[in-house]
Amino acid sequence: MTKTGGPKAIGRPAYRAEALREAGRLQDVRLTVGGKVRHLWGRNGPRQELDLASSAPLGALPVLLGSGLGVCLEALLAAGPVAVADRETALLEATGVRQKYASRPGVLWLDGISLDEDLKKLTAWQRENRGLPFAALAPALYQRLDPDYYQALKASLESSSRADFWSKARYPKFRSERPRVLLLDRPYFLNREIRDALARLEVPLAAVAVGQKDSARPGFIEDLLSAVLGFRPDFALTVNHFGLDREGRLAGLLDDLGLPLASWFVDNPELILHRYEDLNRPLTAIFSWDADNLPALRQRGFSKVFHLPLATDPARFRPGAGAGPGSWRARVSFVGDSMTGPVARALATADPPAGLARYPDLAREFGAGGEASVARFLAASRPKVWSAVQALPVERQLAFESLITWESTRQYRLRCVRATLGSAPLIVGDEGWFELLGRGPGWRRLPPLDYYQDLPRFYPLSEVNFNCTSLQMKGAVNQRVFDVPAAGGFLLTDRRAQLDGLFEPGREAACFASPEEVPAELERWLSDPAGRRAVASAARKRILAEHTYELRLGSLIEAMRASFA
């Protein structure tokens, strides 16, 4: 097969290209340029291309400056992604390489129309592939055919500042008193607390927006790498693994960069980490608001696991934060979701088959037991059900575990709130409460209030702020345990196992052990305003001394320094 044409750049001669085959296999290409004959390889082309492929250094991104016979490209693809810069139209038509590989996964094809544009594409491709250095592989003939393009591209790759990325990125960490923190930022209540607390601690902070979807937004990796080089953080910080991809690529990139990662879980990590692979990296530390999660995290292979409870921001939740409307005043109030919405959404995603349709009964059993993990509860108590769950696709498995968690919480929360109805409570939450309690007398409802603007003013206006904890955290305490006393309010809460390590029950915390105790406890505290003031004051004093977000972030920083300095 003979093809004519070739590049049309000024000063470049046209040529003819002829594919040379033996036994149907492409061995070489003969070029006729201005009456002279040249060969791509001369002899044993496939062997020479294999030798070229073997010269690519490990841990680098190969960039082929000319696709040749395709043998080198095929060999390189077996190890990972490859970029190919090839503007030789006649050669490509003779070999058929472009037609064969252009749409192949793992190949970035550059047409050579613009050197600047190709360098931009290569830089973006490098960022998508963990910032690995380039390795330019250049068959000699291409360099002679068009030195203005191929030699210039080769020189740019070899001298590019990006080619020296790792020496710049792998800098010493934790050399100053106040470490530099890179926040993987996503709109979430705790991220604002982290920002404010680090600012008060005078800790240098930079943030990279993750986006709001399950996968990171376009451009996230590029911005992350730019922040690493420009800001030089000592560690990255995320909440609930925001920004981490399921395949473990970002975790691997952070390891390659030598950048430690702190991930603070304030929701059930089992329902989050189950989605991910290869995350138990040496430079990853996990912090959980629930101490009950620590053994399971260690079983997953995480070597650095810490308990870090929730806290409060006393600059926001404080007495005298501002007056609220009269409709906010109540003898007893409860701020919380009915859980009808989360149950409905989890049910729709799980779409349980007939054998799993009795999820309310399973949720009731789970809520009554001491096991914190739905998966372990089902495996131990309902092995046939667990086998049916494991037969579902992963997304539906996770949704079914969430369904059991949210339904058990809905049932428990309803029992607790019903126990308050004798005290005419004010419920601040979604309209699902009408579905659960009806619209009759004995209680009233307000729509959800803004956490930052409204709740600091709302809590002090109730004689008793009632609290019952989600069953995704059977042992831990929730945000209200800290926020209500910090704002100057009195809280009556269910007694969780981990509460005793944070407050002294009876003196710093008023508790009930079961929904059946609620009416008597409400009657007791509603009739004792002096007792309420004493408990609220003692709780606030303890919070300011031990349970602020500045203190939590200080503990996190010291744990990271001790682990990775």
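Residues numbered from 1 in each chain as written. Predicted model: local features only at pLDDT ≥ 70, side-chain atom pairs only at ≥ 80, totals over all residues. Heavy atoms only, no water.

(A) Highlighting helix 15 (residues 359-368). Listed as buried for helix 15 are Tyr 359, Leu 362, Ala 363 and Phe 366. Seen end-on, helix 15 carries its buried residues on one side only, within an arc spanning 100°. Those residues of helix 15 hidden inside the fold are in contact with helix 14 (340-350), helix 16 (374-381), helix 17 (383-390) and helix 18 (394-418). (Buried < 20%, exposed > 50% of the residue type's maximum accessible area, 1.4 Å probe, protein only. Helix = DSSP H or I, 4+ residues; strand = E, 2+ residues; numbered from the N terminus. Arc of directions from axis to C-beta. Contact = heavy atoms within 4.5 Å.)

(B) Geometry of the nonpolar core. Counting residues in hydrophobic clusters, the biggest one holds 57 residues, and the most contacted among them are Ile 194, Phe 235, Leu 237, Trp 264, Phe 287 and Met 560. Top element by residues in this core is helix 24 (residues 549-564). It accounts for seven residues. Apart from the residues lying within four places of it in its own chain, the contact partners of Phe 287 are Ala 262, Ser 263, Trp 264, Phe 265, Phe 306, Leu 308, Leu 556, Ala 559 and Met 560. With 47 residues, the next largest nonpolar core counts Ala 19, Leu 73, Ala 90 and Leu 91 among its residues. (Core = buried A, V, L, I, M, F, W, Y, C linked by side-chain atoms within 4.5 Å.)

(C) Structural detail: the sheet that holds strand 17 (residues 444-446). The strand order across the open sheet built from six strands is 17-16-15-18-19-20, with neighbouring strands paired in parallel fashion. Strands at the two margins of the open sheet, each flanked by one partner only, are strand 17 and strand 20 (510-512). Neighbour-to-neighbour, the strand axes of this sheet turn through a mean angle of 25°, independent of strand direction. Two elements, strand 15 (residues 330-335) and strand 18 (residues 462-467), share four bridges in a ladder whose sense is parallel. Note on strand 18: the bridge partner recorded for Ser 333 is Asn 465. (Pairing = 2+ DSSP bridges. Axes fitted to C-alpha atoms, helices over the stretch in contact; angles between N-to-C directions.)

(D) Inspection of the pairing of strand 13 (residues 284-288) at higher detail. The buried fraction of strand 13 is high, at five of five residues. Taking every second residue as pointing to the same face, both faces of strand 13 are buried, with Thr 284, Ile 286 and Ser 288 on one and Ala 285 and Phe 287 on the other. Two strands pair when backbone bridges link them, and strand 12 (residues 261-265) and strand 13 are joined in this way by five bridges, in the parallel orientation. Looking at strand 13, one finds that Leu 261 is bridged to Thr 284. The pairing of strand 13 with strand 14 (residues 304-307) spans four bridges and is classified as parallel. In the strand pairing of strand 14, Ile 286 is matched with Val 305. Traced from strand 13 through helix 13 (residues 294-299) to strand 14, the parallel crossover comes out right-handed. (Right-handed = clockwise from strand over helix to strand, strands pointing away.)

(E) Region of interest: the packing of aromatic side chains. The full count for this structure, using the stated rule, is 20 aromatic pairs. Pairing Phe 317 with Tyr 451 gives two aromatic rings, centres 5.2 Å apart and planes at 55°, and the pair type is tilted. Here Phe 317, found in the loop between strand 14 and strand 15, pairs with Tyr 451, found in the loop between strand 17 and helix 20 (455-458); they are 134 residues apart in sequence, far enough to count as distant. Judged by its relative accessible area of 1%, Phe 317 falls in the buried class. In this structure an aromatic cluster arises from ring pairing among Tyr 188, Phe 189, Phe 242, Phe 317, Trp 328, Tyr 451, Tyr 452, Phe 458 and Tyr 459. Just above the ring of Tyr 452 sits the side chain of Arg 192; from NZ or CZ to the centre is 3.8 Å. (Phe/Tyr/Trp six-rings, centres within 6.5 Å; stacked < 30°, edge-to-face > 60°. Lys NZ or Arg CZ within 6 Å of the ring centre and 35° of its normal.)

(F) Expanded view of the sheet that holds strand 12. The strand order 10-9-11-12-13-14 describes an open sheet built from six strands, whose pairing is parallel. Either end of the sheet is taken by a strand with one partner, and the two such strands are strand 10 (205-209) and strand 14. The sheet shows a mean angle of 25° between the axes of neighbouring strands, taken without regard to direction.

(G) Inspection of the side chain of Ser 288 at higher detail. In this structure, Ser 288 sits in strand 13. You can call Ser 288 buried: its relative accessible area is 0%. A distance of 3.1 Å separates polar atoms of two side chains, one belonging to Ser 288 and the other to Asn 293. If near-sequence neighbours (up to four positions away) are discounted, Ser 288 is found in contact with Phe 265, Asn 293, Leu 294, Leu 297, Phe 306, His 307, Leu 308 and Pro 309. (Polar contact = N/O pair within 3.5 Å; in protein donor to acceptor, adjacent residues only side chain to side chain.)

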